[in-house]
2 protein chains.
Amino acid sequence: MAKIKPKKQATLSDIAANVGVAPMTVSRVMNGNGYVSEETREKVMRAAKEMKYRRNGLAHNLKRQRTDTIGLVLGDISNPYSTELANAIRETLSARGYNLFICISEHSAKEDIAAFESLVNHSVDGLIVATRSNKGGDEYLKEIVESNVPVVVIGRDFQHKSVDFVSTDNLNGGFEATRHLIDLGHRRIGFIGATLSGGSSLKRLQGYLKALEQYKIPVDERLITGRKEAISEVPGYSTEKMGYEGMKRLLSLPNRPTAVFARNDFTAIGAITAIKEAGLKIPEDIAMVGFDDIPLAVHTSPALTTVRQPMRLQGQLAAEMLLQRIEREEPEQRRERILNCELIIRNSTV
Amino acid sequence: MAKIKPKKQATLSDIAANVGVAPMTVSRVMNGNGYVSEETREKVMRAAKEMKYRRNGLAHNLKRQRTDTIGLVLGDISNPYSTELANAIRETLSARGYNLFICISEHSAKEDIAAFESLVNHSVDGLIVATRSNKGGDEYLKEIVESNVPVVVIGRDFQHKSVDFVSTDNLNGGFEATRHLIDLGHRRIGFIGATLSGGSSLKRLQGYLKALEQYKIPVDERLITGRKEAISEVPGYSTEKMGYEGMKRLLSLPNRPTAVFARNDFTAIGAITAIKEAGLKIPEDIAMVGFDDIPLAVHTSPALTTVRQPMRLQGQLAAEMLLQRIEREEPEQRRERILNCELIIRNSTV
DNA sequence: ATTTGGTGTGTTAACGATAACTTTTGTAAC
DNA sequence: GTTACAAAAGTTATCGTTAACACACCAAAT
């Protein structure tokens, strides 16, 4: 046996030279295809083990023209929503023989682009995007799509003829949540966490507005709190803090709301803290509805009324749609799947 | 201009053929180095844009012999601990020009191996591992390390001369948490969430035992709940559920504990739910201490006394140590960094 | 004795990009 | 008019792997 190279990875040729065969023969041994005599196989195996051989995936994938890898770009991974999504996607892909690489982008265009770029640079076979929409990121994503990388988006705006779309019915969820409060007799209903981005929270706000309109309750702008900045500048955010601060503002109003719908459960939890700090009772003084039904919603006190969205199902569908795009020949039409969500009534409203 | 190819990615050669120059010239234009006339540059740029050219990262990285990408393998991403870690790592790497790919492995050897393999196959420049230790996974990890991939582990067992190690002082944290309860006069103190894996929770249990010993309090096995299965079979777990069920068991004891130390905050939150369900008061009937100081710890009712560990710092250090290994020539000794943690006293104990 | 066909192995060329080298062209200096 | 040298290209070889083909060799079948 020749000396083992000091630092570098051993290659097929290294082993071939060592054993005294052609690199192709080593390749055959490693991949277990083609004819190789038992004697040669053993010699090669031994040398490979000794030299700590490990196939170079870049070269392998370059030759194969595929990587069996999917990229997922997530925004806020602190949110159990993202977590469940990621797990469902991973499980679905894993069952079909694909790996999943996750990149985080805390909602800035720059980070979105960096994430897209690094995944595409590694030649992922497809991309699932679940960040909030923003101008720069979307432009870059469009380029990627048009250079023929299969893409599916989850719960965010992105109109493109060859990009599939999975989401929950945030509009109707927001509507149901608000209607629930109206049915309970509330007329001054606040909304916490409005943003201008074209994502799910906008839809939830629209559902809120729709419910008010349908029940002829005038909209009071002061009851709607949130962030008004331009989409592209939105930094990493803490929705819990947003809920806390939003609620503070609502509580300081001369005529404070008797009920509040928060854009998501974290926001609601922050709001609950503010309400308790003010010495008020939930739901007697202020009723509270969240969105998502994160695992902790049942543990807050009082347990949180919220809108449950099928997180796992969204991930699963997105993964399946992406694989279909990857594995099918025919270019398809854009597909949209908008899933129903469900109002879960707990003690924060009744 | 020639016709645009129907589905495939355009390559340098495609553009070269289209414009009527050599591939190398196109490469020069794309990378902005070497001499290219303004005229040619423009023609090439135009063609590239039209053909939606995108550099093949596999080929590029194969040639470069590096990817500027680091892989992170996480266990439970539902835990804010992992989240913070990931964010800190990403920020540190990003500042140094590296990308981060995250793989999830819900604590099974099979998934660990799959994650390691897919990252190494993509030739990441280094690997940060923050999963729980398990036999199969560790063996595979050893192979990877010995084939010269730089690796750093966080908060988990893995002894290897060329693998750096970052963790918090879980032993002392467990000790302090328990001592706090002892100082408050408690003598029957439960522990929820023991596991046999060589990770952080074992150390926390040891800290608990050490405190009992030091204060001459006899250990009552019945007060220690957890999972006894073999390490390699541990499935995806819900620590919250573990806390709930563990607490139920403790409550059913003839002589129930007056205080409980939970392996982490999620477990503590589950335990709190069980305590409340039993109609008992915290901390009057049962005092509760958690570990991690997740953002929600301050929002539980009562707010949770817990041991804060510097999550961001751990991530940052791990990333820096890894980059040093990658960028330095000299092979170094194994380095260990064990960070202090801090007891945060809130209302669940006093 | 020759065909057939499986077995074992080597050779070549590609995957896409690019470093290093070579060639050609233009043009300013002597 | 020749030299000199920068500018603008082209050519070759390589990163590590592998598909496709070529070529031995040997046993069984004709």
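Residues numbered from 1 in each chain as written. Chains lettered and ligands numbered in written order. Predicted model: local features only at pLDDT ≥ 70, side-chain atom pairs only at ≥ 80, totals over all residues. Heavy atoms only, no water.

Quick notes on the relation of the copies chain B and chain A
Here the second copy of the chain follows from the first by a rotation about an axis and a shift along it. For the pair chain B and chain A, the best superposition has an RMSD of 0.1 Å and corresponds to a rotation of 180° with a translation of 0.0 Å parallel to the axis. Those values place the two copies in the arrangement expected of a two-fold rotation axis. (Least-squares fit on C-alpha atoms with pLDDT ≥ 70 in both.)

A short note on the pairing of strand 4 (residues 151–154) of chain A
All names here are of chain A. Residue alternation in strand 4 divides its side chains into two sets, Val151 and Val153 and Val152 and Ile154, and both sets are buried. Handedness of the crossover joining strand 3 (residues 126–130) and strand 4 through helix 7 (residues 135–146): right-handed. Examined bridge by bridge, strand 4 and strand 5 (residues 163–168) share four bridges and lie parallel to one another. Bridged to Val153 within strand 5 is Phe165. (Buried < 20%, exposed > 50% of the residue type's maximum accessible area, 1.4 Å probe, protein only. Helix = DSSP H or I, 4+ residues; strand = E, 2+ residues; numbered from the N terminus. Right-handed = clockwise from strand over helix to strand, strands pointing away. Pairing = 2+ DSSP bridges.)

Focus: the environment of Ala88(B)
You can see Ala88(B) is positioned in helix 5 (residues 80–95). C-alpha of Ala88(B) to C-alpha of Gly315(B): the two residues are 227 residues apart in sequence and 5.2 Å apart in space.

Looking at the protein's contact with DNA strand D
Around DNA strand D sit 24 residues in total, of which Leu12(A), Tyr53(A), Thr25(B), Tyr35(B) and Ser37(B) are the nearest. The sugar-phosphate backbone supplies 64% of the atoms of DNA strand D found within 4 Å of the protein. Here Ala22(B) contributes a backbone N or O atom positioned 2.6 Å from a phosphate oxygen of DNA strand D. Note that a phosphate oxygen of DNA strand D is positioned 2.8 Å from one of the side-chain N or O atoms of Thr40(B). For the surface near DNA strand D, the secondary structure elements donating two or more residues are helix 2 (23–31) and helix 4 (57–64) of chain A together with helix 2 (23–31) and helix 4 (57–64) of chain B. The residue makeup of the surface near DNA strand D, split by class, is ten nonpolar, ten polar and four charged. (Near = heavy atom within 4 Å. Polar contact = N/O pair within 3.5 Å; in protein donor to acceptor, adjacent residues only side chain to side chain. Nonpolar A, V, L, I, M, F, W, Y, C, P; charged D, E, K, R; others polar.)

A look at the interface of chain B and chain A
For an interface, size is often stated in terms of accessible area lost upon the parts coming together. Between chain B and chain A, the contact holds 51 residues from the first and 52 residues from the second. Roughly 4,800 Å² is buried in total at the junction of chain B and chain A, and carbon and sulfur atoms are behind 52% of that figure. The largest per-residue losses of area from chain B upon contact with chain A belong to Arg54(B), Leu58(B) and His122(B), which jointly make up 15% of the total buried on that side. One salt bridge in this structure joins Glu111(B) and Arg90(A), with 3.5 Å as the shortest N-O distance. Viewed at the interface, chain A and chain B are joined by 16 residue pairs in polar contact (both at pLDDT 80 or more). Its residues assigned to classes, the side of chain B that touches chain A comprises 20 nonpolar, 19 polar and twelve charged. (Contact = heavy atoms within 4.5 Å. Buried area = accessible area lost by both parts, 1.4 Å probe. Salt bridge = Lys/Arg side-chain N within 4 Å of Asp/Glu carboxyl O.)

Brief notes about the domain arrangement of chain A
Each assigned domain of chain A is listed here: domain 1 (12–55), domain 2 (67–168 + 311–338) and domain 3 (170–309). The gap between the C-alpha centroids of domain 2 of chain A and domain 3 of chain A is 28 Å. (Domains from an automatic or database assignment.)

Overview of the sheet that holds strand 8 (residues 259–262) of chain B
Residue and element names in this part refer to chain B. In space, the six strands of this open sheet follow the order 7-6-8-9-10-12, with mixed pairing throughout. In this open sheet, the two strands that pair with only one neighbour each are strand 7 (224–226) and strand 12 (342–344). The mean angle between the axes of side-by-side strands here comes to 20°, regardless of whether they run parallel or antiparallel. Where strand 9 (residues 287–292) meets strand 10 (residues 305–308), four bridges bridge the pair, whose relative direction is parallel. (Axes fitted to C-alpha atoms, helices over the stretch in contact; angles between N-to-C directions.)

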